[in-house]
Amino acid sequence: MSILVNRNTRLLVQGITGQSGAFHARGCMEYGTNVVAGVTPGKGKQSFDGKIPIFDTVSQARKRTGCNATMIFVPAPFAADAILEAADAGVELIVCITEGIPVMDMMRVKAVLKDSKSRLVGPNCPGIITPGECKIGIMPGYIHKRGNIGVISRSGTLTYETVWQLTQRGYGQSTCIGVGGDPIGGTSYLDVVKMFADDPETKGLILIGEIGGDAEEEAAAWIKTNFKKPVCAFIAGATAPPGRRMGHAGAIVAGSSGTAAAKIEAMRAAGITAAETPAMVGETMIKLLKS
Amino acid sequence: MNIHEYQAKELFERFGVASPKGKPAQTPEETEKVAADLKTSSLVVKAQIHAGGRGKGVFKNGFKGGVKLCSSPGEAREIAQNMLGHYLVTNQTGPGGRLVRKIMVAESVQIQRELYFAILLDRKIGSPVVVVSTEGGVDIETVAAKSPEKIVREVIHPLIGMQPFMALKLASQLGFSGEQLKAAAKLFMNVYRLFSSMDCSLVEINPLVLTTTNEVLALDAKFNFDDNALYRHPEIVAMRDEHEEDPREVEASKFGLNYIGLDGNIACLVNGAGLAMATMDIIKYAGGQPANFLDVGGGASEEQVTEAFKILVADKNVKAILVNIFGGIMRCDVIAQGIINAVKAVTLPVPLVVRLEGTNVDQGKKLLIESKLPIRAAGDLGEAARLVVAAARGE
């Protein structure tokens, strides 16, 4: 078991002929992900690297290949439309890697997706990986190892840092998921925490958060009464100045809300162990698993 | 991105949001002319800087107040003389103050009631939310803490936008009636149209006033724009005033680097926003103070790394530099080559600690060793923080 993606995932890549779309489609294929189709409007009937069929629309790709997940690399001005197209075609899992989508566009997308069966992860996220089975996204595959720790975060490299600390110590991951650094996204921390709660393979959870919003607090409140596995957290941005957007569009302390201190307090109040530094997350999780 | 008060007024005019008449000026002569055109004896001259606290600010030439009332164009001219070309120090500018390059002359209105109106983004529900209060002219967070019952929130559905009935409901909740009810509702509808078509993340009108002549006007406003949407609003981008920004940040933005200047003495260069924040945090934990936030992004080029390095080295407060890279998309050899090029171009004035991990890490480390540069290598993030803090202390 694992969550969201596994051996049965049949992946579509929207924007497969663009520079990063092509690069990361190859990265996923090399990792062993079953990439079944690509979409680039106007390039239908061509093929990607001589083996993956390209379609003009997601709807065609879905009918011909039965793809059940999509990875979006479409440029920001067109990415909201790409998400809506995937939902319209009924693709179950939509992972949007694209960074820089206007918030107003994402609000409209989110309002439409409420009545859809599709699940969106992202945008502005590194993707999802179930080690040894399926990688959808831009993370380096080799730092991961199959195991029992679930990892959830908003960021890319900070997640790699954490995963590497686990792998180097011989501890693997069930699934690692980045929900993205934008103020409005699809799947929330709470959604993922609930999935990890139901996954028997996941024995412990690492929650990497950052300043801005209150998604971490929301997850912590649920964990307090419902989640029975050990949880270790780290919140980035304790030293970030208020009112400044720290790289991620969503990483901003607005007035007195969204501070690292408030989030760490919410974690502790929920019985979650907060790692003192980003270098101690792996170690802290392993201690929890042993105790 | 921030804009000046006179630019906010221009946007209000364009979208039919009622606000007192006023225009910017760059010279005392122009100030006099603009003041005369307003045809009123009730005037206000306001220094145009991005920092708040102008009213209580003091100019370095001794002139008191960045917001001054007056009653004739001649007086306005004299006030402008004392403001333009001088540094205004407020509780938000720091001791250096800000050079005033423009002033705004506006009609000064007599206030009957002060209210609060804002549209912002609610991240949790994914919709715009209107916030109104009968307590205007004061900080809304103070109102929220002291008398939360005086704050009313109305969620706007992003697919249909603000509807006329909502605007009327809000106006009525603020105690408006008769003609003023209609005027306030019209103002709210127009502010929403502005918010939505200009991709704002915040429009805060504080105060919204009812004048003694029963006009409903937006007296002062704060805008935030969604940086992600600036590509479709060239007229907003044109409002950017680089004079109001940290010169280090302006330089960094030219090379597509995400840089935020801070007050500490340990510079850092990191890939990825989350890891960059975490690196600042661990520097603090190890007893140091970060000099900046710098995310070179997932796919930075050798040239971008070189430019990033130049910006760090140019900061005179910096006593040590930490490079922390976890290569995913970013290859460690590219980072290493960028550092080597930068150090060759600008002699390295302070100790440099490098921590590389991830894609092509061995090639990266090899390049650094072969360069024979005086680099302290760190095996992991914790060690990197300890080494750079010690280096900044001269150890």
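Residues numbered from 1 in each chain as written. Chains lettered and ligands numbered in written order. Predicted model: local features only at pLDDT ≥ 70, side-chain atom pairs only at ≥ 80, totals over all residues. Heavy atoms only, no water.

Asker: Residues and numbers for the interface of chain B and chain A, please.
Answerer: Across the boundary between the two partners, chain B contributes 49 residues, which contact 59 residues of chain A. Summed over both partners, the interface of chain B with chain A comes to about 4100 Å²; 62% of that surface belongs to carbon and sulfur atoms. Interface area lost by chain B to chain A is led by Arg123, Asn228 and Phe326 of chain B, which between them contribute 18%. Lys124 of chain B is paired through a salt bridge with Asp214 of chain A; the nearest N and O atoms lie 3.6 Å apart. Put simply, the parts of the chain that give the side of chain B that touches chain A at least two residues each are β9 (127-133), α6 (178-197), β14 (258-261), α9 (273-285), β17 (320-327), β18 (352-358) and α13 (381-392) of chain B. Sort the elements by how many residues they give to the side of chain B that touches chain A and α9 of chain B lands first, with 10 residues. Grouping the constituent residues of the side of chain B that touches chain A by class yields 23 nonpolar, 14 polar and 12 charged. (Contact = heavy atoms within 4.5 Å. Buried area = accessible area lost by both parts, 1.4 Å probe. Salt bridge = Lys/Arg side-chain N within 4 Å of Asp/Glu carboxyl O. Helix = DSSP H or I, 4+ residues; strand = E, 2+ residues; numbered from the N terminus. Nonpolar A, V, L, I, M, F, W, Y, C, P; charged D, E, K, R; others polar.)

Asker: Explain the pattern of salt bridges to me, using residue names and the numbers behind them.
Answerer: Under the defined criterion, the tally for this structure stands at 34 salt bridges over all chains. A salt bridge links Arg7 of chain A to Glu133 of chain A; the shortest N-O distance between them is 3.3 Å. Taken together, the positions of Arg7 of chain A in the segment before β1 (11-14) and Glu133 of chain A in the loop between β8 (127-130) and β9 (134-137) put the pair 126 residues apart, joining distant regions of the chain. With relative accessibility at 61%, the residue Arg7 of chain A sits in the exposed group. By relative accessible area, which is 12% here, Glu133 of chain A ends up buried. For Arg248 of chain B, the salt bridge is made with Asp315 of chain B, and the minimal N-O distance between the two is 2.5 Å. Highlighted residues: Arg248 of chain B in helix α8 (residues 247-254) and Asp315 of chain B in the loop between α10 (302-314) and β17, separated in sequence by 67 residues. Residue Asp315 of chain B is classed as buried on the basis of its relative accessible area of 9%. (Buried < 20%, exposed > 50% of the residue type's maximum accessible area, 1.4 Å probe, protein only.)

Asker: Summarise the pairing of strand β15 (residues 266-270) of chain B; cite the residues concerned and give the values.
Answerer: Residues and elements named next belong to chain B. Most of β15 sits inside the fold, with 5 of its 5 residues counted as buried. A two-sided burial pattern is seen for β15, the buried positions comprising Ile266, Cys268 and Val270 on one face and Ala267 and Leu269 on the other. Pairing of β15 with β17 involves 5 bridges; the strand directions are parallel. Directly across from Cys268, in β17, lies its bridge partner Leu322. (Pairing = 2+ DSSP bridges.)

Asker: Describe the environment of Ser201 of chain B, and please don't skip the residues or the numbers.
Answerer: All names here are of chain B. Checked against the element boundaries, Ser201 lands in strand β11 (residues 200-211). Note on Ser201: relative accessible area 24%, which makes it partly exposed. Distance from Ser201 to Leu121, taken between C-alpha atoms, is 5.9 Å for residues 80 residues apart in sequence. Here Ser201 is in contact with Ile119, Leu120, Leu121, Phe195, Asn224, Phe225 and Asp226, once residues within four sequence places are set aside.

Asker: How would you summarise the side chain of His144 of chain A if you had to cite specific residues and measurements?
Answerer: Residues and elements named next belong to chain A. By the element assignment, His144 lies in the loop between β9 and β10 (146-153). Looking at His144, the relative accessible area reads 10%, which means it is buried. Apart from residues lying up to four places away in sequence, His144 is in contact with Tyr31, Ile129, Pro131, Met139, Val163, Thr167, Gln173 and Cys176.

Asker: Before we move on, could you go through the domain arrangement of chain A and cite the residues and values that matter?
Answerer: The extent of an interface is frequently quoted as the accessible surface area lost upon association of the parts. All names here are of chain A. Segmenting chain A into domains produces domain 1 (10-121) and domain 2 (139-290). Residue-level contacts link 10 residues of domain 1 with 14 residues of domain 2. Counting every contact that joins domain 1 to domain 2 gives 1 salt bridge. A salt bridge links Arg119 to Asp191; its shortest N-O distance comes to 4.0 Å. Every element with two or more residues in the side of domain 1 that touches domain 2 is listed here: α4 (103-113) and β7 (119-121). It is α4 that contributes the most residues to the side of domain 1 that touches domain 2, 4 residues altogether. (Domains from an automatic or database assignment.)

Asker: Got a sec to walk through the sheet that holds strand β1 (residues 22-25) of chain B? Specific residues and values, please.
Answerer: Residue and element names in this part refer to chain B. One open sheet holds the 4 strands; their spatial order is β1-β7-β2-β4, and the pairing between them is antiparallel. Across the chains shown, the open sheet's two edge strands, defined by having one partner strand only, are β1 and β4 (67-70). For this sheet, the mean angle separating the axes of adjacent strands, direction not counted, is 20°. Sheet analysis places strand β2 (residues 43-47) next to strand β7 (residues 103-107), joined by 5 bridges and oriented antiparallel. Counted as the bridge partner of Val44 is Ala106 from β7. Sitting on the sheet, helix α3 (residues 73-83) touches β2, β4 and β7, and the angle it makes with β4 is about 160°. (Axes fitted to C-alpha atoms, helices over the stretch in contact; angles between N-to-C directions.)

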